[in-house]
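Here's the letter readout for the chains.
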Amino acid sequence: MAVPFSANGLAASTPKKSFLRPLKRGSRLRAVNAGTWIDPDTDFGLLVQRCEAEGWTLEFPESVRRQWQWFSGTDQQRADDLERAWNNPSLDGLIYVGAGWGGARVLEVGFRFPKRPLWTLGFSDTSSMLLAQWSAGLHGAIHGSTTGPDQQWERTVHLLKGEPVAPLQGRAVRPGLASGPLVVTNLTVATHLIGTPWLPDLRGSILVLEDVGEAPYRVDRMLTQWRSSGLLRGLAGVATGRFSWKGEVEPGDFSMDGILEERLSDLGIPLVMNLPLGHGLPNMALPLGAAATLDANRGTLQLNPERTHR
């Protein structure tokens, strides 16, 4: 089944000239690193094996293991790597490896997406690349991990193959039902894209946020900026994944769940918390731009069936 995309950042309801084809046996993927350098001895054997089991070829160019300061090459080198990959017609998708920091620098140095859809898989710092891809009106960006247990990887495979996946279960907070395109991201990364061309229009969307290592007061500070900037107005619904933080909460302080609920529950839209995604396990994959339904009466997030166009 082909997946249509629209250039205005909303889920398409009519056929378009360009389609994102599900991966099949014989599909070719390439690993790219837009961020921090990785240990040259990092073993990607399991990822390669998982792709081979699906009949996919995963290329690992030497540039993935390059190092310049704490990045995997200079900003321009990383941008050039991405440009070559995106413009290679024989590639069906890209897998972002590494993370840390650096994706936004690739965008800042001048990388621009060609006008064609392409499967991409990543999360954490590469949320910047996924958001920018959707902001450009291009389907194919999947927020998910390349590692983790088999169940987690199987969900990613189903998405890449255009197959249905199970709904995600969270905790219902503010009841209601919302439908719209998904925007899934790391909160800190997206916060640092505010005011840039790479943060997509969120109006009418279901926003899903996650983060790691940020204390509740810092999450409070970021969400206050989102509220004050007006970015949370016009959302169809909002949900949170995992906000991993190991610090202690002082007496009188907000807990992590407490500050998320306080900052997000008065927006007048459905709210679901604690979806199984983000840093840690499981990190269940979700595609940006896909039409979805957030059922905050039951605490579920479900991808809507795609329309078949002839």
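Described below are features of the structure shown in this document. (Residues numbered from 1 in each chain as written. Predicted model: local features only at pLDDT ≥ 70, side-chain atom pairs only at ≥ 80, totals over all residues. Heavy atoms only, no water.)

### Focus on the overall build of the protein
Piece 1. Scanning the protein from terminus to terminus reveals eight helices and 16 strands.
Piece 2. The C-alpha atoms of the protein give 19 Å as radius of gyration, which agrees with the globular expectation for 310 residues (19 Å, within 12%).
Piece 3. Overall, the C-alpha framework of the protein stretches about 50 × 50 × 35 Å when taken along its three principal axes.
Piece 4. Across the 310 residues of the protein, 54% fall into the buried class.
Piece 5. Nonlocal contacts in the protein, meaning residues at least 24 apart in sequence, comprise 77% of its contacts between residues at least 6 apart.
Piece 6. A total of about 13700 Å² of accessible surface is found on the protein, and carbon and sulfur atoms cover 51% of it.
Piece 7. If the 31 positive side-chain charges of the protein are averaged to one point and the 31 negative ones to another, these points end up 9 Å apart. (Helix = DSSP H or I, 4+ residues; strand = E, 2+ residues; numbered from the N terminus. Rg over C-alpha atoms; globule rule 2.2 N^0.38 Å. Buried < 20%, exposed > 50% of the residue type's maximum accessible area, 1.4 Å probe, protein only. Contact = heavy atoms within 4.5 Å. Areas by Shrake-Rupley, 256 points an atom, 1.4 Å probe, with all protein chains shown as cover. Lys, Arg positive; Asp, Glu negative; His and termini not counted. Charge placed at Lys NZ, Arg CZ, Asp CG, Glu CD.)

### Considering the packing of aromatic side chains
Piece 1. This structure, assessed with the given rule, holds five aromatic pairs.
Piece 2. Here the aromatic residues Trp68, Trp70 and Phe71 are joined through ring pairs into a cluster of three or more. (Phe/Tyr/Trp six-rings, centres within 6.5 Å; stacked < 30°, edge-to-face > 60°.)

### Some words on the nonpolar core
Piece 1. Residues Leu82, Phe111, Met129, Leu182, Leu207, Val208 and Leu301 are the most contacted members of the largest nonpolar core, which totals 88 residues.
Piece 2. Here the element with the most residues in this core is helix α4 (residues 127–135); it accounts for five residues.
Piece 3. In contact with Leu182, not counting residues within four places along its chain, are Trp134, Ile206, Val208, Leu286, Pro287, Leu288, Gly289, Ala290, Ala292, Leu301 and Leu303. (Core = buried A, V, L, I, M, F, W, Y, C linked by side-chain atoms within 4.5 Å.)

### A look at the sheet that holds strand β5 (residues 93–96)
Piece 1. The mixed open sheet is built from six strands, whose spatial order is β4-β3-β5-β6-β7-β14. Two strands lie at the open edges of the sheet, namely β4 (57–59) and β14 (286–287), each paired on one side alone.
Piece 2. Relative to β5, strand β3 (residues 28–32) is paired through four bridges, and the arrangement is parallel. When the sheet's bridge partners are listed, Ala31 is paired in β5 with Ile95.
Piece 3. Contacting β5, β6 (119–122) and β7 (141–143), α4 crosses the sheet at an angle of about 140° to β7.
Piece 4. Helix-sheet contacts for helix α5 (residues 150–160) involve β6, β7 and β14, and the interaxial angle to β6 is about 160°. (Pairing = 2+ DSSP bridges. Axes fitted to C-alpha atoms, helices over the stretch in contact; angles between N-to-C directions.)

### Brief notes about the pattern of salt bridges
Piece 1. Under the definition given, this model contains 14 salt bridges.
Piece 2. In this structure, Arg50 and Asp150 form a salt bridge, with 3.0 Å as the shortest nitrogen-oxygen distance. You can see Arg50 sitting in helix α1 (residues 45–53) and its partner Asp150 sitting in helix α5, a full 100 residues away along the chain.
Piece 3. For the salt bridge of Arg218 with Glu214, the shortest nitrogen-to-oxygen distance reads 2.7 Å.
Piece 4. For Arg218, a relative accessible area of 25% puts it in the partly exposed group.
Piece 5. One network of salt bridges, with partners in common, ties together Arg28, Arg30 and Glu59. (Salt bridge = Lys/Arg side-chain N within 4 Å of Asp/Glu carboxyl O.)

### What about the sheet that holds strand β16 (residues 300–303)?
Piece 1. Strand order in the open sheet formed by eight strands is β8-β16-β15-β10-β11-β12-β13-β9, and the pairing between neighbours is mixed. The open sheet has two edge strands with one neighbour each: β8 (168–169) and β9 (171–174).
Piece 2. Sitting on the sheet, helix α8 (residues 256–264) touches β9, β12 (237–244) and β13 (271–273), and the angle it makes with β12 is about 160°.

By themselves, these are just geometric observations and shouldn't be taken as functional.
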